[in-house]
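# Fold and contact review
Single-letter residue listing:
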Amino acid sequence: MSDAADGASLELALALMRSRDAIAGTEQVTGDMAAPVTLTPGERLFRLQADHRSAVLLSELSEGLSVSHSTPDDPISGTPTTASVAHSGGMLVQIDRPSLSQFRAAVPLVGNYAELRADRAAEIDVQTRSLLPFFGSVVMLQPDRCDRITEMLQIALDLTTQVVMRVKLALACPRPTQFSDRMQPIIACPSHPTLPSGHATQAFCVATLLTGLQTPGAPVAAGDQLFRLACRIAVNRTVAGVHFPADSAAGAVLGIQLARLLLARATPVGAVASASFDGRRFVDDQDQPRDFHYGVLDRMVTGRDGSTRFDTKADFVTPAPLWSVLVAAAQREWDSRWS
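Rules used in this analysis
Residues numbered from 1 in each chain as written. Predicted model: local features only at pLDDT ≥ 70, side-chain atom pairs only at ≥ 80, totals over all residues. Heavy atoms only, no water. Helix = DSSP H or I, 4+ residues; strand = E, 2+ residues; numbered from the N terminus. Buried < 20%, exposed > 50% of the residue type's maximum accessible area, 1.4 Å probe, protein only. Contact = heavy atoms within 4.5 Å. Axes fitted to C-alpha atoms, helices over the stretch in contact; angles between N-to-C directions. Parallel < 35°, antiparallel > 145°, perpendicular 65-115°, else oblique. Left-handed = near helix turned anticlockwise from the far one by under 90°. Core = buried A, V, L, I, M, F, W, Y, C linked by side-chain atoms within 4.5 Å. Phe/Tyr/Trp six-rings, centres within 6.5 Å; stacked < 30°, edge-to-face > 60°. Lys NZ or Arg CZ within 6 Å of the ring centre and 35° of its normal. Polar contact = N/O pair within 3.5 Å; in protein donor to acceptor, adjacent residues only side chain to side chain. Expected span 1.5 Å × (residues − 1). Pairing = 2+ DSSP bridges.

### Looking at the overall build of the protein
When its secondary structure is counted, the protein shows 13 helices and 5 strands. In terms of its C-alpha atoms, the protein occupies a principal-axis envelope of roughly 85 × 45 × 45 Å. When each of the 339 residues of the protein is scored for burial, the buried share is 47%. Contacts spanning at least 24 positions in sequence make up 75% of the contacts within the protein whose residues lie at least 6 apart.

### Overview of the environment of glutamine 127
Along the polypeptide, glutamine 127 turns up in helix 6 (residues 117–127). When the C-alpha positions of glutamine 127 and histidine 199 are compared, they lie 8.4 Å apart, and in sequence the two are 72 residues distant. Every residue in contact with glutamine 127, bar those within four places of it in the chain, is listed here: Phe134, His199, Ile233 and Asn236.

### Brief notes about the packing of helix 7 (residues 132–139) against helix 9 (residues 198–214)
Packing of helix 7 against helix 9 brings their axes to within 11 Å, and their N-to-C directions diverge by 30°. Looking at the two axes, helix 7 sits roughly parallel to helix 9. Our pair here, helix 7 against helix 9, has a crossing hand that is right-handed. Between helix 7 and helix 9, the residues in contact are Leu132, Phe135 and Val139 and Ala203, Val206, Ala207 and Leu210, respectively.

### What about the nonpolar core?
With 93 residues, the main nonpolar core has Phe135, Phe204, Leu210, Phe292 and Trp323 as its most contacted residues. Other than its neighbours up to four places away in sequence, phenylalanine 135 contacts Ala203, Val206, Ala207, Leu210, Leu226, Leu229, Ala230 and Ile233.

### Side note on the packing of aromatic side chains
Applying the stated criterion across every chain yields a total of 5 aromatic pairs. Between the aromatic rings of phenylalanine 204 and phenylalanine 292, the centroid separation amounts to 6.2 Å while the plane-to-plane angle is 75°, which identifies the pairing as edge-to-face. Of this pair, phenylalanine 204 sits in helix 9 while phenylalanine 292 is found in the loop between strand 4 (271–278) and helix 12 (294–301), placing the two residues 88 residues apart along the sequence. For phenylalanine 204, a relative accessible area of 0% corresponds to the buried category. Classification of phenylalanine 292 as buried rests on a relative accessible area of 1%. Pairwise contacts between aromatic rings join Phe103, Phe179 and Phe244 into one cluster. Sitting above the plane of the tryptophan 334 ring, arginine 337 keeps its charged end 3.8 Å from the centroid.

### Here's the deal with the environment of glycine 217
With respect to the helices, strands and loops of the structure, glycine 217 is situated in the loop between helix 9 and helix 10 (225–240). For glycine 217, a relative accessible area of 79% translates into the label exposed. As for glycine 217 and glutamine 257, which are separated by 40 residues in sequence, their C-alpha atoms are 13 Å apart.

### Side note on the side chain of threonine 194
One can find threonine 194 in the loop between helix 8 (147–171) and helix 9. For threonine 194, a relative accessible area of 0% gives the class buried. Separated by 3.0 Å, the side chains of threonine 194 and histidine 243 make a polar contact. With near-sequence residues (within four places) excluded, threonine 194 lies in contact with Phe103, Lys168, Cys173, Pro174, Arg175, Pro176, Val242, His243, Phe244 and Asp247.

### Description of helix 1 (residues 9–24)
Side chains that are three or four residues apart share a direction in an α-helix, a result of its 3.6 residues per turn. Along its 16 residues, helix 1 runs 21 Å from first to last C-alpha, staying within 8% of the 22 Å computed at 1.5 Å per residue. Taking burial as the measure, the 16 residues of helix 1 include 0 buried ones, a minor fraction of the element. Immediately downstream of helix 1, the backbone of glycine 25 shows phi near 65°, a positive value.

### What to know about unusual backbone geometry
Backbone torsion omega between leucine 195 and proline 196 reads 0°, so that peptide bond is classified as cis. With respect to the secondary-structure elements, proline 196 resides in the loop between helix 8 and helix 9. The phi dihedral of aspartate 287 is positive, around 65°, even though this residue is not glycine. Within the fold, aspartate 287 resides in the loop between strand 4 and helix 12.

### Some words on the pairing of strand 4
When you tally the buried positions in strand 4, you get 7 out of 8 residues, the bulk of the element. Looking at chain direction, strand 3 (residues 90–96) and strand 4 are connected through 4 bridges and run parallel. Within the sheet, the bridge partner assigned to isoleucine 95 lies in strand 4 and is phenylalanine 277. Pairing of strand 4 with strand 5 (residues 308–316), which is carried by 6 bridges, proceeds in the antiparallel orientation. Of the residues in strand 5, the one forming a bridge with serine 276 is arginine 309.

Quick look at the structure:
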């Protein structure tokens, strides 16, 4: 019945009723002998509808994840200055917000990006709805042969949204539009707080996951096409007038860490190290807020930037058995893409 065309469900139901009356008659209905369950929960997972499978996996992946905020509070805004994401008690990432004066000082950076709007308007508009086609154009994700990869990435995007919204809510950072009526974004300005950028978090999560499928354990390489694309997606939000560069930098760190957690939880004995981003130190040599691009990303991920730290000592994480089944299926698809 799920194959019926839209609007044909009632017609099909009536037809099935008539068909049953004709072939089943009025005999008493009895049940056949039941067979034992032979499939594991992971094998049964793929018998669920996609939305139900997504609900199961998001529930499993949310277990042990927590978001908290701490003092000291910003003396001007009264909001917490630090938000932390942890998994099963172990620190995953800590983010410190810039001060209000630093956000205000970064307004000219955002305003200058308006010159690129005509060039990037199409990208910006499409990216408000979907990011995966852009990554698919880089690594050839064809729907008919990469459905498990696509599903894995979509669930990661959904989990990323849940986490980044918690961090945004905790840090309560203002949008560029709140500082100047001349910003005039070319897309609807989201009503939620600005840091970290959700698009940046999602883009860097996807780039890290795809890198992990291609070369397990590979480090973040800012010059790689996937991470150059993630940077461009993040910068496009600044071009649009809705994000500061620091938002993108914070989102990059959070997205990379969430992807590393997801990859680690797909293995029986996975581990992930913690990271931190301090928006107060995301400044240039003159102590002024600075821009974000893949050159800056390279400094951040190689330990040459004072705002960012990626630790090397990893802590074990709790495996996610059902998620690992999907990731394994995605890995098989990736490995057989040329077949």
